[in-house]
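If you want the building blocks of each chain, they are given just below.
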Amino acid sequence: MKFKVNREKLNKAFQKVNSLVGGNTNMPFLNNVLLKAENGLLELTTSNVDMWAHTTIEAEIEVPGVTTAPARKLASLIGAMNGENVEFDVDDNDHIKMVCGTGRFRLLGLSSVDYPGMPVLNSLQEIQIKESEFKELIKSISYAVSKESSRKALTGVFFSIEGGMLTTVATDGKRLAMQEKAPESVVGEDGCTIVPLKAVNEVQKALEGDGTLKITVADKHCRFETANFCLLSKLIDGVYPNYRAVVPTSFARVITLPVEPLLAKVETVFVGGKKVV
């Protein structure tokens, strides 16, 4: 396996997938990133068993192949290098040689044989929405997701499709945030699901343009896809509370205020109310 790739593009690719990697002592291969080079593309995949993150960048492939490398160590090296391109040379024992500028590095990889592949989904729903609109949906409600694991259903974001309208909800039992948006398209029947907060946060961080995000929902998994990024996650199995029942249908008074001046006043009061040590 031998290829050359732009260092800056590789560094950005690691930023999209590396947060799934942790200190897994039982399955050490999950501390690695799967690198697959073929057809002019380098594919990077990470997994923590519950989620998979995948991205691709252009590469000059001399010898196609696949291996796994220590994800955090490799990402740190790529970030510290100064050259324009990084050349990889991987032998049959998954020993990795890298050359970047005047620097030369070696890493011990692992075989890709035991690395878990992404599950194949039997789609129930397919939703297409603008990346910017999805980011705004998640940003505006994610603060209300519960941090307590005792009520597992509340630790995720509730997604519902009904009548062509996408509703996202988050609550910790004390506060509730809800957003509704008509996506670009919906294929499949109406339904609802609960997605782990980490999954939607990772997707939100990886979105970088105003392209289209495709969301595919299956029985036990969901997949978020853009042109060069994909995240697949297990769904949370549980019953979400009837959020409609706690949202008032009418109000005694309605006050309209300009947003920016209101936020400025709230910030002033917040700072003034902090306890000074």
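Scroll up a little and you will see the structure.
The rules behind each value
- Residues numbered from 1 in each chain as written.
- Predicted model: local features only at pLDDT ≥ 70, side-chain atom pairs only at ≥ 80, totals over all residues.
- Heavy atoms only, no water.
- Helix = DSSP H or I, 4+ residues; strand = E, 2+ residues; numbered from the N terminus.
- Buried < 20%, exposed > 50% of the residue type's maximum accessible area, 1.4 Å probe, protein only.
- Contact = heavy atoms within 4.5 Å.
- Areas by Shrake-Rupley, 256 points an atom, 1.4 Å probe, with all protein chains shown as cover.
- Lys, Arg positive; Asp, Glu negative; His and termini not counted.
- Charge placed at Lys NZ, Arg CZ, Asp CG, Glu CD.
- Axes fitted to C-alpha atoms, helices over the stretch in contact; angles between N-to-C directions.
- Left-handed = near helix turned anticlockwise from the far one by under 90°.
- Nonpolar A, V, L, I, M, F, W, Y, C, P; charged D, E, K, R; others polar.
- Salt bridge = Lys/Arg side-chain N within 4 Å of Asp/Glu carboxyl O.

(A) Inspection of the overall build of the chain at higher detail. Across its full length, the chain carries five helices and 18 strands. Judged by the C-alpha coordinates and their principal axes, the chain covers about 70 × 50 × 35 Å. Counting all 277 residues of the chain, 40% fall into the buried class. Taking contacts inside the chain between residues at least 6 apart in sequence as the whole, the part at least 24 apart equals 68%. In the form shown here, the chain has an accessible surface area of approximately 15900 Å², with 51% of it arising from carbon and sulfur atoms. A distance of 8 Å separates the average location of the 32 positive side-chain charges in the chain from that of its 33 negative side-chain charges.

(B) A look at the packing of helix α1 (residues 7-17) against helix α2 (residues 71-80). Interaxial distance between α1 and α2 falls to 9 Å at its minimum, and their mutual angle equals 140°. The chirality of how α1 crosses α2 is left-handed. Counting all contacts with α1, which are made through Arg7, Leu10, Asn11 and Phe14, the residues of α2 involved are Ala71, Leu74, Ala75, Ile78 and Gly79. Classifying every residue of the contact of α1 with α2 by side-chain character gives six nonpolar, two polar and one charged.

(C) Broad picture of the pattern of salt bridges. Under the definition given, this model contains 14 salt bridges. Salt-bridge contacts for glutamate 60 lead to lysine 4; the nearest nitrogen and oxygen are separated by 3.8 Å. Within this pair, whereas glutamate 60 is found in strand β5 (residues 60-63), its partner lysine 4 is found in strand β1 (residues 2-6), the two being separated by 56 residues in sequence. For glutamate 60, a relative accessible area of 53% puts it in the exposed group. Since its relative accessible area comes to 26%, lysine 4 is described here as partly exposed. In this structure, the salt-bridge partner of glutamate 180 is arginine 244, at a minimum N-O distance of 2.8 Å. In this pair, glutamate 180 sits in strand β13 (residues 176-181) while arginine 244 sits in the loop between β18 (229-234) and α5 (259-272), placing the two residues 64 residues apart along the sequence. Three or more residues joined by partner-sharing salt bridges are found here, namely Lys198, Glu202 and Lys205.

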